[in-house]
Amino acid sequence: MASSNGFIRKYGVIFGLLGIIIFFAIESPTYFFTSSNFILISKQSSINILLALGQMFVILTAGIDLSDGAIAGLVGAVAAGVTVATGNLFFGLLAGLGVGIGFGIVNGLIVAFAKVPAFIATLATMSAITGITLIYTQGEPIWNLPSSFDFIGQGSLLDIPFSIIIMALSFAVVWIILERTRYGRHVYAVGGNIKASRAAGVKISSVLISVYAISGLLAAIGGIILASRLGTAEPSAGSGYELDAIAAVVLGGTSLFGGEGWVVGTIIGGYIIAVLNNGMTIMNISAYYQEVVKGLVILLAVMLTSFGKKYWNE
């Protein structure tokens, strides 16, 4: 029974995604079940998946990062602003990535050394970063981005959208880190049993700071892609992305209590949200009802995970 439950908890998300795809394919085969639409879904999901991959590191340590959407918005603005001001894409990207990593480290320091609960710490920095973005942009979008900047979110290599390539490479790197490195084992261990990890010699503070830094980095990459795709850096561009990122991680089977998760599951969770958005839009379902449906799907996933932990002891 325990083995069966473990299989369902880990791979059930795949069947969930297939079920949603089949439903929309039956309801709207002409528009939904096409190769061009699946490419569009992948492009639409790339930003959320990047943020979700970073969020997964944090949640695996039993934390949460509510600031990654705000970081994405600020980084998009900084990268665009520096690129326009200097005329150099490299400087713009370097500045943006530096900002993302920097605020991630700040989050990690607050959680690791000030001992502020992650929810409160990142809620506070989310608010502060949102304000910094408005100050930096003066509440106005940044226009006139060069074609080299636009290519990141709009261009293609060998007919594959560049944003999808970035997402795939990021997934590969994250998978290797979490599944094949000592550091990855430490991340899981800190979330699974922090006292035992400390007794085993794991540097808890270093792990906590690093996971928030990684979250900031991946949020920064997502923010750059977002600004590039829009062709402008909007001050409010990253708003709400943190919730979809958390939802993707939870749908993918990562425990909010830490220590348990599957990188592939996070990718699938991101696709579930993108497919739901895409399919409901094609069916002309109101955006208000779409939010209700997504909320119910996430709630169902959390409830199933909780009940699985309660009634089956792996």
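See the structure shown above.
In this report, we go over the structure that sits alongside the text. (Residues numbered from 1 in each chain as written. Predicted model: local features only at pLDDT ≥ 70, side-chain atom pairs only at ≥ 80, totals over all residues. Heavy atoms only, no water.)

## A word on unusual backbone geometry
Although it is not a glycine, A62 sits at a positive phi angle of roughly 70°. Inspection of the secondary structure puts A62 in the loop between α2 (35-60) and α3 (68-86). On the accessibility criterion, A62 (42% relative accessible area) is partly exposed. (Helix = DSSP H or I, 4+ residues; strand = E, 2+ residues; numbered from the N terminus. Buried < 20%, exposed > 50% of the residue type's maximum accessible area, 1.4 Å probe, protein only.)

## Looking at the environment of V211
Mapped onto the secondary structure, V211 falls in helix α10 (residues 204-230). For V211, a relative accessible area of 0% corresponds to the buried category. Sequence-wise, V211 and V190 are 21 residues apart; in three dimensions their C-alpha atoms are separated by 11 Å. With near-sequence residues (within four places) excluded, V211 lies in contact with G54, F57, V58, T61, Y183 and V187. (Contact = heavy atoms within 4.5 Å.)

## Some thoughts on α3
Taking 1.5 Å per residue, 19 residues should reach 27 Å; α3 reaches 26 Å between its end C-alpha atoms and fits that length. Within α3, 15 of the 19 residues are buried, which leaves it mostly tucked inside the rest of the structure. G87 lies just past α3 and shows a positive phi near 75°. (Expected span 1.5 Å × (residues − 1).)

## Observations regarding the packing of α2 against α10
Packing of α2 against α10 brings their axes to within 7 Å, and their N-to-C directions diverge by 170°. Between α2 and α10, the angle falls in the class roughly antiparallel. Here α2 contributes K43, Q44, S46, I47, L50, L51, L53, G54, Q55, F57 and V58 to the contact with α10, which in turn contributes V211, Y212, I214, S215, L218, A219, I221, G222, I225, L226 and R229. Looking at the contact of α2 with α10 residue by residue, the classes come out as 14 nonpolar, 6 polar and 2 charged. (Axes fitted to C-alpha atoms, helices over the stretch in contact; angles between N-to-C directions. Parallel < 35°, antiparallel > 145°, perpendicular 65-115°, else oblique. Nonpolar A, V, L, I, M, F, W, Y, C, P; charged D, E, K, R; others polar.)

## A short note on empty space enclosed by the protein
A water-sized probe, rolled over the atoms, reveals where empty space remains. Following the criterion strictly, the structure yields 1 cavity of 30 Å³ or more and no others. Here the largest cavity defines a volume of roughly 40 Å³. For the largest cavity, the full set of lining residues is A72, G73, G76, A77, G223, L226, A227, A233, E234 and A237. Looking at the lining of the largest cavity, the elements that each hand over two or more residues are α3 and α10. Per element, the largest residue contribution to the lining of the largest cavity is 4 residues, and it comes from α3. When the residues that make up the lining of the largest cavity are grouped by side-chain class, the tally is 6 nonpolar, 3 polar and 1 charged. (1 Å grid on protein atoms, 1.4 Å probe; cavity = no way out; pocket = protein on both sides within 12 Å on 5 of 7 lines; lining within 4 Å. Points joined across faces, edges and corners; volume = space filled by probe spheres on them.)

## Let's talk about the side chain of K294
Locating K294 in the fold gives a position in helix α13 (residues 287-311). Taking the relative accessible area as the measure of exposure, K294 reaches 9% and is therefore buried. Apart from the residues within four sequence positions on either side, K294 is in contact with D244, I273, L276, N277 and M280.

## A few points about a nonpolar patch on the surface
Nonpolar side chains collect at one region of the surface, where F15, L18, I22 and I26 lie side by side and expose about 440 Å² of accessible area between them. In this fold, I22 is placed in helix α1 (residues 2-27). (Patch = residues over 30% accessible without salt bridge, like charges linked within 9 Å, V, L, I, M, F, W, Y side chains within 5 Å. Areas by Shrake-Rupley, 256 points an atom, 1.4 Å probe, with all protein chains shown as cover. Salt bridge = Lys/Arg side-chain N within 4 Å of Asp/Glu carboxyl O.)

## A look at the nonpolar core
If you look at the biggest cluster of nonpolar residues, it comprises 83 residues, and the most contacted ones within it are L178, I272 and V275. For this core, the element with the most residues is α10, which contributes 15 residues. Excluding residues within four positions of it along the chain, I272 makes contact with V13, L17, I20 and L251. (Core = buried A, V, L, I, M, F, W, Y, C linked by side-chain atoms within 4.5 Å.)

## Comments concerning the environment of F162
Note that F162 resides in helix α7 (residues 162-180). A relative accessible area of 21% means that F162 is categorised as partly exposed. Linking F162 and F151, residues 11 residues apart in sequence, is a C-alpha distance of 7.6 Å. Leave out the neighbours within four places in its chain, and F162 touches F151, I152, G155, S156 and L157.

## Details of the layout of surface pockets
As a volume, the second largest pocket reaches approximately 270 Å³. As for the second largest pocket, its lining consists of 15 residues, of which Q44, S45, Y241, D244 and N277 are closest to the centre. A per-element tally of the lining of the second largest pocket places helix α12 (residues 263-282) first, with 6 residues. Its residues assigned to classes, the lining of the second largest pocket shows 4 nonpolar, 9 polar and 2 charged.

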